[in-house]
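Structure at a glance
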Amino acid sequence: MITPVAEVGYAEATWILIAKSIVIFLGVFLIVPVLTVVERKLIGRFQHRYGPNRVGPVGMMQPLADILKLVGKQVFRPDAAVPLLYAIGPALVIFSGITTIAILPFGDVKDGVGFYGIDVSIGVLYFFAFGSLAFYGLLLSGWSSGSKYSFLGAMRSAAQLISYEVSMGLALLGAVMMAGSLSLVSIVEAQGEIWYVVPQFVGFLIFMIAGFAETNRAPFDLPEADAELVQGYQTEYGGSRFASFLLAEYLEMFVVSGIAAAFFLGGWMGPGPGWLDPIWMVTKIMALIFVFIWIRATLPRLRYDQLMSLGWKVLLPLATLNILVTAVLVVVT
Amino acid sequence: MSDVGGHRSAPARGGDVIAATTAEVIGSSPIERTEAGDALEPEHELLTVNMGPHHPATHGVLRLLVSLEGEEVLDLKPIVGYVHTGIEKSCEDQSYWKVIPFVERMDYLSYFFNMQAFCGAVETLLELEIPPRAKYLRTIHLELNRLHSHLFWLGTTALDLGAISMLWYALRERDTILDLFEMATGQRMHTRYFQVGGVFEDIPVGFEDKLRAFCTEMPARIGQYEALLDRNEIFLRRTRGVGIVPRERLLELGVTGPLLRAAGEPWDLRKAHPYLAYDEVEFKIPVGTVGDGYDRYRVRMQEMRESVRIIEQCLDGLPEGPWITDERKVVLPPRDELATSMEALIHHFKLVTEGFRVPPGEVYYPIEGPRGELGCYVLADGSAKPARVHFRDPSFVNLQSLREMCVGGYIADLIQNLGMLDPILGGVDR
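Residues numbered from 1 in each chain as written. Chains lettered and ligands numbered in written order. Predicted model: local features only at pLDDT ≥ 70, side-chain atom pairs only at ≥ 80, totals over all residues. Heavy atoms only, no water.

1. Side note on the pattern of salt bridges
All names here are of chain B. Taken as a whole and assessed by the stated rule, the structure comprises 44 salt bridges over all chains. Among the salt bridges present, the one from Arg172 reaches Glu173, with a minimum N-O distance of 3.2 Å. By sharing partners, the salt bridges in this structure join Glu143, Arg146, Arg261, Asp268, Arg270, Glu303 and Glu368 into a single network. (Salt bridge = Lys/Arg side-chain N within 4 Å of Asp/Glu carboxyl O.)

Encoded structure:
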């Protein structure tokens, strides 16, 4: 008998699965351009200027103009680049972003349809397995570009992955232990009494800090530090491949916010009728994304060695301690 | 979809290309790299990176040849000359009053200082005393210019460190200063406001009110900047203990300005060798202790506060009277005199066609610029054109200390050091 890798909590007919994956995919894909313009608008306000306000009503069509411009560019490759890997890099990054969306729960089962891509029993592991693929994309594209700045950026992203992935996993483990399940749907349902942000506050903080590192956002944007490495691994990319990196960054930000919302902020739960669930989830994700943008407008960038020491000397022991305390409390109560 | 490559000379292979790039190693790099680049043991392999001339953090067109081992900077060599414009040579072909707009364009963030250095030098040669009001007006504009320069430094350096929003906050205040410049002189940059003998025009009505409002607001703004940076753990970690060069070494290298003061040497020409109205106003010289990036930052922030104080005192004590000397051999006569006085007409004609003559001699006139000692050397041969104009630009001299700041640190420290060094490449190359 073949032991399955993962069990699926609730599955519908195949056509429903296909239909809802398309809906979720398109929904999130459409959110990304909105996110870019929201980020630029917000950063603009933080920085005492307007932000984009020329294309379309209040500048909301700006991402369309950006995408059209980038897609219209010639596909370019430096001679020193490794052709195949150079092309695979951005694709891998996007792939990682899209696959991880599948496990974000936007609601429980309603009328026989689960409001999520898939409810796997290994939810957290799925997230880490596919989320970390993005770093291979960065690593490959930085290395295969044949540029020194890209190379340094790729090395930095590798180091960053190793330093923060562990703490990130440990930070989620506390919530997993409290819920007694790895499935995101079960974890959200277990937060009916109290959101895990209260008992797992340390875990939430560690996860968010590691999430910033995971998504290469400021103050952990070392792989693409524009003042030092001139965009790092992206230096040699242009046109639609460059746009892929940009898209992937926002997708990742969305996913990390979604995971944080599901694990710590009660996922889709909120007052009001059941059909409000997806809206609650998106609202929580947006609130967390606002924090991402806020931090970017405020904080300077860490140095390479400081990033390492923060990851290994502060976050990892703290996350381990958090698990120990949680484990003891779970057993006692 | 076809891939279009840019550089046909580079080998179209992957992988080992990074090691095999035949980057030219210039000068003092400790290990000469072979053409293959892989003759060395892997642990001794160096990555030679050209930072610049077009790099976002080099503040212009500075080229840094950096040898890296991993992220660590093993050696560094600044290569300058990308904006060399031959201004000093061009000055020899202009009459004295036409030189002023030339020298302004050297260090393009401290144009009033360049003007003052040159005008002060020529006035020394002419043994010309400028009226008190001109002295005060010059002091006001010099200090405004210092504020403007430091604000720009603050914004760009914070940007290099990743605090992107500071740039816009700093540039907001800088814009107010530029508005003031425009009000007083008609131009926002490169104003040609200082003349040999005084200033071009008196300040207009309303200038004082606007300047006072700015002076009231500015200390609060500086407090806001400090709240954003000084209380930020990341900023402190990035700057503290980074880029320390001993005070003795800085003195040997001839480094001046905030860099030297941050290392604990209270050397400021405004106090040591007062000029204009600086001996009549009260201000302090901020001095650092260890001379790391944080001290450099603190010294400049405190200098901005002192500049505001100087401006306020100058406004309070601004004397009435002429703003330019009435020495008719040097300064154009007022417009209305031309219609009534034959002598004025002759002076006007002589000054406009030939310019004024300066008695033979040479002079070195140093002032305290925002980046350090800004000195102007003028050699006069008795004609209406200078025989030689030379500027000791602090950016150029200070740049020498960059290597010692950076060697042994990380790339991120290099960027931080360069930002705190605050070189203006227009001044370096001239």
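Now that the structure is up, let's keep going.
2. Focus: the packing of aromatic side chains
Each aromatic ring pair is characterised by the separation of its centres together with the angle its planes make. Residue and element names in this part refer to chain B. Per the counting criterion, the structure on display carries 24 aromatic pairs over all chains. Between Phe112 and Phe181, the ring centres sit 4.7 Å apart and the planes meet at 55°, which makes this aromatic pair tilted. One end of the pair, Phe112, is in helix H4 (residues 111-126); the other, Phe181, is in helix H6 (residues 165-185), and 69 residues separate them in sequence. Residues Phe112 and Phe181 agree in their burial class; the two are buried. Centre to centre, the rings of Phe112 and Tyr193 are 6.3 Å apart; their planes meet at 80°, and the pair counts as edge-to-face. (Phe/Tyr/Trp six-rings, centres within 6.5 Å; stacked < 30°, edge-to-face > 60°. Helix = DSSP H or I, 4+ residues; strand = E, 2+ residues; numbered from the N terminus. Buried < 20%, exposed > 50% of the residue type's maximum accessible area, 1.4 Å probe, protein only.)

3. Section: a nonpolar patch on the surface
A cluster of nonpolar residues, Ile18, Ile22, Phe25 and Leu26 of chain A, forms a patch on the protein surface that exposes about 350 Å² of accessible area. Mapped onto the secondary structure, Ile22 of chain A falls in helix H1 (residues 14-46). (Patch = residues over 30% accessible without salt bridge, like charges linked within 9 Å, V, L, I, M, F, W, Y side chains within 5 Å. Areas by Shrake-Rupley, 256 points an atom, 1.4 Å probe, with all protein chains shown as cover.)

4. With respect to the layout of surface pockets
Residues and elements named next belong to chain A. Considering only enclosed or pocket space, the largest pocket measures out at about 1,100 Å³ in volume. Considering the residues around the largest pocket, the lining is formed by 36 residues, among which Glu39, Arg40, Leu246, Tyr250 and Arg296 are closest to the centre. Elements with a contribution of two residues or more to the lining of the largest pocket: H1, helix H2 (62-71) and helix H8 (239-264). At eight residues, H8 tops the list of elements feeding residues into the lining of the largest pocket. A class-by-class count of the residues in the lining of the largest pocket yields 16 nonpolar, eight polar and twelve charged. (1 Å grid on protein atoms, 1.4 Å probe; cavity = no way out; pocket = protein on both sides within 12 Å on 5 of 7 lines; lining within 4 Å. Points joined across faces, edges and corners; volume = space filled by probe spheres on them. Nonpolar A, V, L, I, M, F, W, Y, C, P; charged D, E, K, R; others polar.)

5. Describing empty space enclosed by the protein
Residues and elements named next belong to chain A. Taken as a whole and assessed by the stated rule, the structure comprises four cavities of 30 Å³ or more. Within this model, the largest cavity holds a volume of roughly 60 Å³. Taken together, Val93, Leu138, Thr215, Asn216, Glu224, Tyr233, Phe245, Ala248, Glu249 and Glu252 form the lining of the largest cavity. The element that contributes the greatest number of residues to the lining of the largest cavity is H8, accounting for four residues.

6. Some details on the packing of H1 of chain A against H8 of chain A
When two helices pack together, their arrangement is given by the angle between their axes and by how far apart the axes lie. Residues and elements named next belong to chain A. Between H1 and H8, the least distance of the axes is 9 Å, while the angle of their chain directions is 100°. In terms of axis orientation, H1 runs roughly perpendicular to H8. In this structure, H1 contributes Val28, Phe29, Ile31, Val32, Leu35, Thr36 and Glu39 to the contact, and H8 contributes Leu247, Tyr250, Leu251 and Phe254. Its residues placed into classes, the contact of H1 with H8 shows nine nonpolar, one polar and one charged. (Axes fitted to C-alpha atoms, helices over the stretch in contact; angles between N-to-C directions. Parallel < 35°, antiparallel > 145°, perpendicular 65-115°, else oblique. Contact = heavy atoms within 4.5 Å.)

7. So, the sheet that holds strand E6 (residues 361-369) of chain B
Strand pairing in a sheet relies on backbone hydrogen bonds, with the paired strands running either antiparallel or parallel. All names here are of chain B. Here we have three strands laid out as an open sheet, ordered E6-E7-E8, and antiparallel in their pairing. The strands lining the two open edges of the sheet, one partner per strand, are E6 and strand E8 (386-392). Between one strand axis and the next, the sheet turns through 15° on average, direction left out of account. As paired strands, strand E7 (residues 372-380) and E8 are joined by six bridges and run antiparallel to one another. Looking at the pairing, Leu379 lines up with Arg388 of E8. (Pairing = 2+ DSSP bridges.)

8. Things to note about the sheet that holds strand E1 (residues 47-51) of chain B
If you walk across this open sheet you meet the three strands as E1-E2-E3 (chain B), and the pairing is antiparallel. The sheet is open, and its two borders are formed by E1 and strand E3 (72-79) of chain B, each paired with just one other strand. For this sheet the average axis-to-axis angle between neighbouring strands, irrespective of direction, equals 20°. Relative to strand E2 (residues 63-69) of chain B, E1 of chain B is paired through five bridges, and the arrangement is antiparallel. Of the residues in E2 of chain B, the one forming a bridge with Asn50 of chain B is Leu65 of chain B. Strands in contact with helix H5 (residues 148-179) of chain A are E1 and E2 of chain B; relative to E1 of chain B, the strand with the most contacts, it is inclined by about 115°.

9. Let's talk about the confidence of the model for chain B
Residue and element names in this part refer to chain B. Per-residue pLDDT for chain B averages 84, and the proportion of residues at 70 or more is 90%. Here residues 1-21 is modelled with pLDDT under 50, and outside its nearest four sequence neighbours on either side it reaches 40 contacts, counting other chains as well. A low-confidence stretch, residues 25-39 stays under pLDDT 50, and its non-local contacts, those more than four residues away or across chains, total 31 contacts. (pLDDT = per-residue confidence, 0-100.)

10. Focus on the pairing of E7 of chain B
All names here are of chain B. Across the nine residues of E7, seven count as buried, placing the element largely inside the fold. With nine bridges joining them, E6 and E7 adopt antiparallel strand pairing. Bridged to Val363 within E7 is Val378. Counted between consecutive antiparallel strands, the loop separating E7 from E8 contains five residues, among which Gly382 sits at a positive phi close to 95°.

11. Considerations on the nonpolar core
Counting 88 residues, the largest nonpolar core has Phe118, Leu144 and Leu211 of chain B as its most contacted members. In terms of residue count, the dominant contributor to this core is helix H5 (residues 132-161) of chain B (twelve residues). If you look at the next biggest cluster of nonpolar residues, it comprises 80 residues, including Ile24, Phe128, Ala159 and Ile187 of chain A. (Core = buried A, V, L, I, M, F, W, Y, C linked by side-chain atoms within 4.5 Å.)

12. A word on the environment of Asp381 of chain B
Residue and element names in this part refer to chain B. Inspection of the secondary structure assignment puts Asp381 in the loop between E7 and E8. A sequence separation of 217 residues divides Asp381 from Ile164, and the C-alpha atoms of the two residues are 51 Å apart. Sequence-distant contacts of Asp381, defined by excluding residues within four places in its chain, comprise Pro360 and Ala387.

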